[in-house]
Amino acid sequence: MTDSNTNGHIVGLYPLIKLLSDGRFYSGEHLGEQLQISRAAVWKKIRKLESLGLPCHSVRGKGYRLENSIQLLDAARLAQIVDDELGEHNLEIDLRAQVDSTNDLALDAARGGQSSGYTCLAEQQLSGRGRLGRNWVSPFARNIYLSMLWRFPAGARSLEGLSLAIGVAVVRALEKSSLSGLALKWPNDVLLNGEKLAGILLEMHGDSSGQCSVVIGVGVNVDMPQSAGVAIAQPWTDLGRHLSNVDRNKIAGSLLAEIYRSVQMFSESGFLPHKSAWEKYDGFFGERVSILLGEKELIGRAAGISDRGEFCLDIDGELRHFGGGEISVRKCL
Ligand code: BTN
């Protein structure tokens, strides 16, 4: 685990958070010994934790404890899950405490010459990005934020449908924890009973006609605090509302393995092998929908996807295809 120095919030606090993560009491003396700092310095750090949304109890004679225990991501456990699921692989895990955006880190890694499979995960994003210029709400140690780098020698054209294939991979990973009611909304929003559970943002680096790299950013709401969720401008949900005892490491490990598998298969065989799986989870098929193309709105019936992963809209019997770009699809009420 590396601390990122983005704006100083986490630097120096992460080791203390790790010691306190189980929610039990630890004396200032013990914490000071472990961290090799004075008791006064421990107290100062405890106060800073509040600003991260991690309130602490302090009780004379007992010490300090986090008001709520937290489950931190654990790089060794993630690596073990990935090894068990994939066998041989080139997935490289870079776990950070706090970053601006994991996509930024993976894009930097692309510029720095890292190979396919480099993956950054973070406990918190200060400027998490969503599609269509939105923010992605990314509180500390609650959800999953990850970005995987993949290199494509044949340029942007060979990427058609990749974002849909990743949507399928995310659904597959989440289904391993016995969730039902998962569906996909074109191109790749993951919905649970109609509410947004996870989002995917693909960003490209390099030459669109030649060698290029793609960063596959995935965010999954695991245990979104209500106080943070108010900033989300659409109906949302998280795993905690639907499952008991969610193991964030297990979910993240399965996501890494499924995304890796999927992008590897995609780079060899393109979108077609993923199409029927996407159709199986199509949450909008046959529904009356409106699609927004910038200022323009079109209304019709959702008619599935093309072999290239484009959205098909039936407008009064005329079938139109919409690919890539910044379009958003909504069910008509
Ligand atoms: C969406 O709007 O649905 C896409 C959301 C993508 C969020 C993830 S979280 C990890 C990665 N880093 C980012 O800044 N965004 C993506």
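Residues numbered from 1 in each chain as written. Predicted model: local features only at pLDDT ≥ 70, side-chain atom pairs only at ≥ 80, totals over all residues. Heavy atoms only, no water.

Peer 1: Outline the packing of aromatic side chains, listing residues and values.
Peer 2: Overall, the coordinates contain three aromatic pairs when judged by the stated rule. An angle of 80 degrees between the planes, with centres 6.2 Å apart, marks the rings of phenylalanine 152 and phenylalanine 266 as edge-to-face. Of this pair, phenylalanine 152 sits in strand β5 (residues 144–152) while phenylalanine 266 sits in helix α8 (residues 248–269), and the two are 114 residues apart along the sequence. Accessibility classification places phenylalanine 152 together with phenylalanine 266 in one group, the buried group. Each ring, one from tryptophan 186 and one from phenylalanine 311, has its centre 5.8 Å from the other, and the planes form 55 degrees; the classification is tilted. (Phe/Tyr/Trp six-rings, centres within 6.5 Å; stacked < 30°, edge-to-face > 60°. Helix = DSSP H or I, 4+ residues; strand = E, 2+ residues; numbered from the N terminus. Buried < 20%, exposed > 50% of the residue type's maximum accessible area, 1.4 Å probe, protein only.)

Peer 1: Summarise the environment of leucine 78; cite the residues concerned and give the values.
Peer 2: On the secondary structure map, leucine 78 appears in helix α4 (residues 75–86). Residue leucine 78 is classed as buried on the basis of its relative accessible area, which comes to 0%. Here the alpha-carbon distance between leucine 78 and arginine 248, two residues 170 residues apart in the chain, equals 9.8 Å. If we ignore the near neighbours within four places in the chain, the residues touching leucine 78 are Ile93, Leu121, Asn249, Ala252 and Gly253. (Contact = heavy atoms within 4.5 Å.)

Peer 1: Lay out the sheet that holds strand β10 (residues 288–293) in plain terms, naming residues and giving numbers.
Peer 2: Strand order in the open sheet formed by five strands is β13-β12-β11-β10-β14, and the pairing between neighbours is antiparallel. At either margin of the open sheet sits one strand with a lone partner, and together these are β13 (318–322) and β14 (327–331). Neighbour-to-neighbour, the strand axes of the sheet open up by a mean angle of 45 degrees, direction not taken into account. Across five bridges, the pairing between β10 and β14 is antiparallel. If you follow serine 290 over to β14, its bridge partner there is arginine 330. (Pairing = 2+ DSSP bridges. Axes fitted to C-alpha atoms, helices over the stretch in contact; angles between N-to-C directions.)

Peer 1: Give me the sheet that holds β5: which residues, what numbers.
Peer 2: Read from one edge of the open sheet, seven strands run β3-β4-β5-β9-β8-β7-β6, paired in mixed fashion. Each of the sheet's edge strands pairs with one partner strand only, and the pair in question is β3 (92–99) and β6 (182–185). Here the strands of the sheet are splayed against their neighbours by 20 degrees on average, with no regard to which way each runs. Across nine bridges, β5 lies against strand β9 (residues 212–220) in antiparallel orientation. Paired with leucine 146 across the two strands is valine 218, which belongs to β9. Contacting β3, β4 (118–125), β5 and β9, α8 runs over the sheet at an angle of about 20 degrees to β5.

Peer 1: Report on α8, specifying residues and quantitative values.
Peer 2: Residue pairs spaced three or four apart in an α-helix point in one direction, given the helix's 3.6 residues per turn. Compared with the 32 Å implied by 1.5 Å per residue over 22 residues, the 31 Å span of α8 between its first and last C-alpha is a close match. One side-chain oxygen of the residue at the start of α8 lies 3.1 Å from the amide nitrogen of asparagine 249, identifying that residue as aspartate 247. Positioned one or two residues after α8, glycine 270 has a phi angle of 75 degrees, which is positive. (Expected span 1.5 Å × (residues − 1). Polar contact = N/O pair within 3.5 Å; in protein donor to acceptor, adjacent residues only side chain to side chain.)

Peer 1: Report on the pattern of salt bridges, specifying residues and quantitative values.
Peer 2: Two side chains bearing opposite charge may form a pair once their charged atoms approach each other closely. Under the definition given, this model contains 16 salt bridges. Across the pair arginine 129 and aspartate 104 runs a salt bridge whose closest N-O atoms are separated by 2.8 Å. On the criterion of sequence distance, the pair formed by arginine 129 in the loop between β4 and β5 and aspartate 104 in helix α5 (residues 102–111) is long-range, its members being 25 residues apart. You can call arginine 129 partly exposed: its relative accessible area is 31%. (Salt bridge = Lys/Arg side-chain N within 4 Å of Asp/Glu carboxyl O.)

Peer 1: Tell me what's going on with unusual backbone geometry, and back it up with residues and numbers.
Peer 2: When glycine is set aside, most residues are seen to have a negative phi, and most peptide bonds are trans. Of the consecutive residues tryptophan 186 and proline 187, the connecting peptide bond is found in the cis state with omega at 0 degrees. Along the chain, the position of proline 187 falls in the loop between β6 and β7 (189–192). For glutamine 36, which is not glycine, the phi dihedral falls at a positive 55 degrees. Under the relative-accessibility criterion, glutamine 36 is labelled exposed at 72%. If you check the backbone angles, asparagine 193 has positive phi at about 50 degrees while not being a glycine. You can see asparagine 193 is positioned in the loop between β7 and β8 (195–206). Judged by its relative accessible area of 55%, asparagine 193 falls in the exposed class.

Peer 1: Requested: an account of the environment of glutamine 114, with residues and values cited.
Peer 2: Residue position: glutamine 114 is located in the loop between α5 and β4. Taking the C-alpha atoms as reference points, glutamine 114 and alanine 303, 189 residues apart in sequence, are found 40 Å from one another. Look past the residues within four positions of glutamine 114 in its chain and what remains in contact with it is Glu92, Ala109, Leu149 and Arg151.

Peer 1: So, the site of the ligand: which residues are in play, and what are the values?
Peer 2: Among the 20 residues in the neighbourhood of the ligand, the closest are listed as Ser101, Gln125, Arg129, Arg131 and Lys196. A distance of 3.1 Å is found between a nitrogen atom of the ligand and a side-chain nitrogen or oxygen belonging to threonine 102. Glutamine 125 is positioned such that a nitrogen or oxygen atom in its side chain is 2.9 Å from a nitrogen atom of the ligand. When atom positions are compared with the pocket grids, the ligand is found to occupy the largest pocket. Put simply, the parts of the chain that give the shell around the ligand at least two residues each are α5, β5, β8 and β9. Considering each element in turn, the shell around the ligand owes the most residues, four residues, to β8. In the shell around the ligand, the residues fall into six nonpolar, 10 polar and four charged. (Near = heavy atom within 4 Å. 1 Å grid on protein atoms, 1.4 Å probe; cavity = no way out; pocket = protein on both sides within 12 Å on 5 of 7 lines; lining within 4 Å. Sits in = over half its atoms within 2 Å of the grid points. Nonpolar A, V, L, I, M, F, W, Y, C, P; charged D, E, K, R; others polar.)

Note that all results are geometric; they support no functional claim without further evidence.
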